[in-house]
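Here is how the chains run, residue by residue.
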Amino acid sequence: MRTQSVRVIIVDDDPEFRDLIREYLVDEGFDIAEAQDGEAMWALISERIPDAVLLDVKLPGEDGLSLSLSLR
């Protein structure tokens, strides 16, 4: 039996969009962390490896596609 809920990191530079997705996923029982960019995402991953990462493709700086390749 799983003792921790499923951890998801939402990576998006739009705080309103992150809030919307977070509210929905929290209501469904997910453990949510939020990051505004790749640097913040890596900091969160260093604390705890997530089960899933939702990435904005058009992030400023390193985009979501580049980050997804690095995650692999």
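Provided above is the structure to which this section pertains.
Conventions used here
- Residues numbered from 1 in each chain as written.
- Predicted model: local features only at pLDDT ≥ 70, side-chain atom pairs only at ≥ 80, totals over all residues.
- Heavy atoms only, no water.
- Pairing = 2+ DSSP bridges.
- Helix = DSSP H or I, 4+ residues; strand = E, 2+ residues; numbered from the N terminus.
- Axes fitted to C-alpha atoms, helices over the stretch in contact; angles between N-to-C directions.
- Contact = heavy atoms within 4.5 Å.
- Salt bridge = Lys/Arg side-chain N within 4 Å of Asp/Glu carboxyl O.
- Buried < 20%, exposed > 50% of the residue type's maximum accessible area, 1.4 Å probe, protein only.

Strands in a sheet are paired, the pairing made by backbone hydrogen bonds, and the direction either parallel or antiparallel. One open sheet accounts for 3 strands, arranged S2-S1-S3; its pairing is parallel. The sheet is open, and its two edges are formed by strand S2 (31-35) and strand S3 (52-55), each paired on a single side. For this sheet, the mean inter-axis angle between neighbouring strands, taken without regard to orientation, is 20°. Note: strand S1 (residues 7-11) against S3, 4 bridges, orientation parallel. Bridge pairing in S3 links Ile-9 to Val-53. Its contacts with the sheet put helix H1 (residues 15-27) on S1, S2 and S3, and the angle it makes with S2 is roughly 170°.

Taken as a whole and judged by the stated rule, the model has 5 salt bridges. A salt bridge links Asp-19 to Arg-22, with the shortest nitrogen-to-oxygen separation between them at 3.1 Å. With Asp-19 and Arg-22 both in helix H1 and 3 residues apart, this pair spans about one turn of that helix. Given the relative accessible area of 31%, Asp-19 is considered partly exposed. Look at Arg-22 and you get partly exposed, because its relative accessible area is 27%. Between Asp-31 and Arg-48 there is a salt bridge whose closest N-O contact spans 2.6 Å.

Function cannot be read off these values alone, since they describe shape.
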